[in-house]
Amino acid sequence: MGISLKLNDETEAIHGHDYHDEFGSRIPSIHLSAMFEQRGEANKSDRNVDLKYSREENPTVRYLEKVISKLEKAEDSLAFSSGMAAIASLYLNSLSSGDEAVVTCEAYGTTVKLLEYLSKFGVKAKIVLPSAEEIASAVTKDTKLVFVESMTNPTLKVIDLDHVKDSIKGKAEFVIDNTFLSPVLFKPIERGADAVIESLTKYISGHNDVIGGIIAGKKEKILQLWETRRMTGSILSPFNAYLTLRGLKTLYARIRIQQESSLKIAKYLLNNPKIEEVMYPCLESDPYYNLAKKYFNGCGGVISFKVKGGKEEAITVLKNLKLIIPSPSLGGTESIMTYPVLSASSSLNDDCKKKLGITENLLRLSVGLENPEDIISDLEEALSFI
Ligand code: PLP
């Protein structure tokens, strides 16, 4: 029996899977079966697609999709084996030879690179600076997709999304990658996006032990993407769906703590004489403060900052960290520090890096759930070596 109360999202994150079985279990089962009985017509899942083979549809994955649809305020959603599998499926489904797609040059590097790769199939990638004006002037009658990140990676800029939406005038699909914020802090569909993508790998699963992705949007589009996912075999595994459902239960609590710690750490960095610049849009001194306030319920747990000096100083900090893990990724329980010019931003074009300030002294910190004083002590010690 489903819960008939109108629940808040924090509660939906815990109970929204609606799982019930004949034993009275309240934790969703991991359905490992690759196949399901089919004598004549296949059983149908609740979205009326065949439930016969786990490359196509799987009950555990479906519980996860139900929760995410509720949190994103979407008609339906579809889980993939990674954030990139979700993005690749969107590109494959939405773009044909002769179409143009606009993406900001500051975005996850592989998102941009994959779009450029599609030029071999006749798709034209328009890579523009992350501002509403630049995006608007790149949109033409051939544009079929406009893809932006709700907060850009790694310099944490905020684009005026209403302006972008208005400039598209419904002529192209508007898709927002919301990985840095999660539906806790921003719900792109409520703001007029056609679809939202999240790398589940980050805040949503939240424990640095899952790779996954999701697209949420209109039923019709999700059904088309379901066909793409079926053909490419890029569905999330049942075990990773289970881990993500488990992680989701603490998403709201984790984000609350992580952003509280982040504000404390950002203010510490702002006052450290070894630091040249701090980027965190919820700091009043940040140039994106007003836009962040307009769109988001908080700025999450990623802070970017520049150390005084260059590559040598930045690497010295990374080498001397004892608690914070020097590694790519973000959004988990463990704090992680990334060196963008050698990881996610390594493939961005030089002009873009220069204009946006993605420099060799830039570091990106994903604040975990450790006591913020311990994170600050680790930073203080590592910074003392430069
Ligand atoms: N989108 C953003 C903003 C990311 O940071 C990443 C990965 O870091 C991705 C998408 C890709 O997600 P995944 O690593 O799960 O494929």
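Keep in mind the model is a prediction, meaning the values are calculated, not measured.

Quick question: what am I supposed to make of the overall build of the chain here?
Along the chain, the regular secondary structure elements total 14 helices and 14 strands. Its C-alpha atoms give the chain a radius of gyration of 21 Å, near enough to 21 Å, the size a compact globule of 386 residues would have. For the C-alpha atoms alone, the extent of the chain along its principal axes is close to 70 × 50 × 35 Å. Per-residue burial for the chain yields a buried fraction of 57% across its 386 residues. Partitioning the intrachain contacts of the chain with sequence separation of at least 6 by distance along the chain shows that 71% fall at a separation of at least 24. Put simply, the chain shows about 16600 Å² of open surface, and 52% of that area lies on carbon and sulfur atoms. Put simply, the chain has 47 plus and 52 minus side-chain charges, and the middle of one group is 2 Å from the middle of the other.

How should the site of the ligand be read in this particular structure?
Looking at the ligand, there are 14 residues lining it, with M84, D177, S199, T201 and K202 nearest. Side-chain polar atom of S199 to an oxygen atom of the ligand: 2.8 Å apart, as the coordinates give it. A distance of 2.8 Å is found between an oxygen atom of the ligand and a side-chain nitrogen or oxygen belonging to K202. Looking at the shell around the ligand element by element, the count peaks at three residues for helix α3 (residues 83-94). A class-by-class count of the residues in the shell around the ligand yields four nonpolar, seven polar and three charged.

Would you explain the environment of N320 in this entry?
Relative to the elements of secondary structure, N320 occurs in the loop between α12 (311-319) and β12 (325-326). For N320, a relative accessible area of 17% puts it in the buried group. N320 sits 59 residues away from L379 along the chain, and the two C-alpha atoms are 8.9 Å apart. Ignoring any residue separated from it by four or fewer positions in sequence, one finds N320 in contact with D378, A382 and F385. Polar contacts involving the side chain of N320 include one to the main-chain carbonyl oxygen of T316, which spans 2.7 Å.

Whenever I open this one, the state of the cysteines confuses me. Can you help?
In protein structure, a disulfide is the covalent linkage between the sulfur atoms of two cysteines. Taken as a whole and judged by the stated rule, the model has two disulfides. Across the disulfide from C105 sits C352; the S-S distance is 2.1 Å. Torsion about the S-S bond of the C105 and C352 cystine: about 80°, corresponding to right-handed handedness. With C105 in the loop between β4 (100-104) and α4 (109-117) and C352 in helix α13 (residues 350-356), this residue pair connects regions lying 247 residues apart in the sequence. Each member of the pair C105 and C352 is classed as buried. Residue C282 pairs covalently with C299 via a disulfide, S to S 2.1 Å. Taking the torsion about the sulfur-sulfur bond, which here is approximately 75°, the covalent link between C282 and C299 counts as right-handed. Taken together, the residues span a long stretch of sequence, with C282 in the loop between β10 (275-279) and α11 (289-295) and C299 in the loop between α11 and β11 (302-307) at a distance of 17 residues. Owing to a relative accessible area of 27%, C282 belongs among the partly exposed residues under this scheme. By relative accessible area, C299 is classed as buried at 1%. The connectivity of the disulfide-linked cysteines in the chain, indexed sequentially, is 1-4, 2-3.

Explain the domain arrangement of the chain to me, please; I cannot follow it from the model alone.
How big an interface is tends to be expressed through the accessible area that disappears when the partners come together. According to the domain assignment, the chain contains domain 1 (9-248) and domain 2 (251-383). Taken over C-alpha atoms, the centre of domain 1 sits 26 Å from the centre of domain 2. For the domain 1 and domain 2 pair, buried surface summed over both sides reaches about 3700 Å², with 65% attributable to carbon and sulfur atoms. When the buried area of domain 1 at its contact with domain 2 is split by residue, V158, L185 and Y203 rank highest and sum to 20% of it. Linking domain 1 with domain 2 are three salt bridges, by the criterion used here. The partner of E10 in a salt bridge is R256, with the nearest N and O atoms 2.3 Å apart. At the boundary of domain 1 with domain 2, the tally comes to 18 residue pairs in polar contact (both at pLDDT 80 or more). Secondary structure elements with two or more residues in the side of domain 1 that touches domain 2: α1 (9-15), α4, α6 (161-168), α7 (182-185) and α9 (238-248). With four residues, α7 is the single largest residue contributor to the side of domain 1 that touches domain 2. The residue inventory of the side of domain 1 that touches domain 2, partitioned by class, reads 23 nonpolar, eleven polar and ten charged.

Which parts of the structure should I look at to understand unusual backbone geometry?
Note on backbone geometry: most residues besides glycine have negative phi, and most peptide bonds are trans. Of note, the amide linkage connecting N153 to P154 takes the cis form, showing an omega dihedral of 15°. Of note, the phi angle at L156 is positive, near 55°, even though the residue is not glycine. Positionally, L156 belongs in the loop between β6 (143-149) and α6. Residues other than glycine seldom take positive phi values, yet S329 does so here, at roughly 90°. Here S329 shows up in the loop between β12 and β13 (336-338).

Any chance you could explain the side chain of N272 here in plain terms?
One can find N272 in the loop between α10 (251-270) and β10. Only 2.9 Å separates the side chain of N272 from the side chain of Y268, close enough to count as a polar contact.

Explanation requested: the pattern of salt bridges in the structure shown.
Tallying each qualifying case throughout the model produces 29 salt bridges. A salt bridge links R62 to D46, with the nearest nitrogen and oxygen atoms 2.8 Å apart. Placement of the pair is R62 in helix α2 (residues 59-72) and D46 in the loop between β1 (43-44) and β2 (50-51), with a sequence separation of 16 residues. We classify D46 as exposed; its relative accessible area is 51%. The salt bridge partner of D76 is R47, with a shortest N-O separation of 3.2 Å. Residue D76 is found in strand β3 (residues 76-80), and its partner R47 is found in the loop between β1 and β2; the two are separated by 29 residues along the sequence. By relative accessible area, which is 6% here, D76 ends up buried. Sharing partners across several salt bridges, the network here consists of D46, R47, E57, R62, E65, D76 and R229.

Parameters at a glance
Residues numbered from 1 in each chain as written. Predicted model: local features only at pLDDT ≥ 70, side-chain atom pairs only at ≥ 80, totals over all residues. Heavy atoms only, no water. Helix = DSSP H or I, 4+ residues; strand = E, 2+ residues; numbered from the N terminus. Rg over C-alpha atoms; globule rule 2.2 N^0.38 Å. Buried < 20%, exposed > 50% of the residue type's maximum accessible area, 1.4 Å probe, protein only. Contact = heavy atoms within 4.5 Å. Areas by Shrake-Rupley, 256 points an atom, 1.4 Å probe, with all protein chains shown as cover. Lys, Arg positive; Asp, Glu negative; His and termini not counted. Charge placed at Lys NZ, Arg CZ, Asp CG, Glu CD. Near = heavy atom within 4 Å. Polar contact = N/O pair within 3.5 Å; in protein donor to acceptor, adjacent residues only side chain to side chain. Nonpolar A, V, L, I, M, F, W, Y, C, P; charged D, E, K, R; others polar. Disulfide = S-S within 2.5 Å. Domains from an automatic or database assignment. Buried area = accessible area lost by both parts, 1.4 Å probe. Salt bridge = Lys/Arg side-chain N within 4 Å of Asp/Glu carboxyl O.

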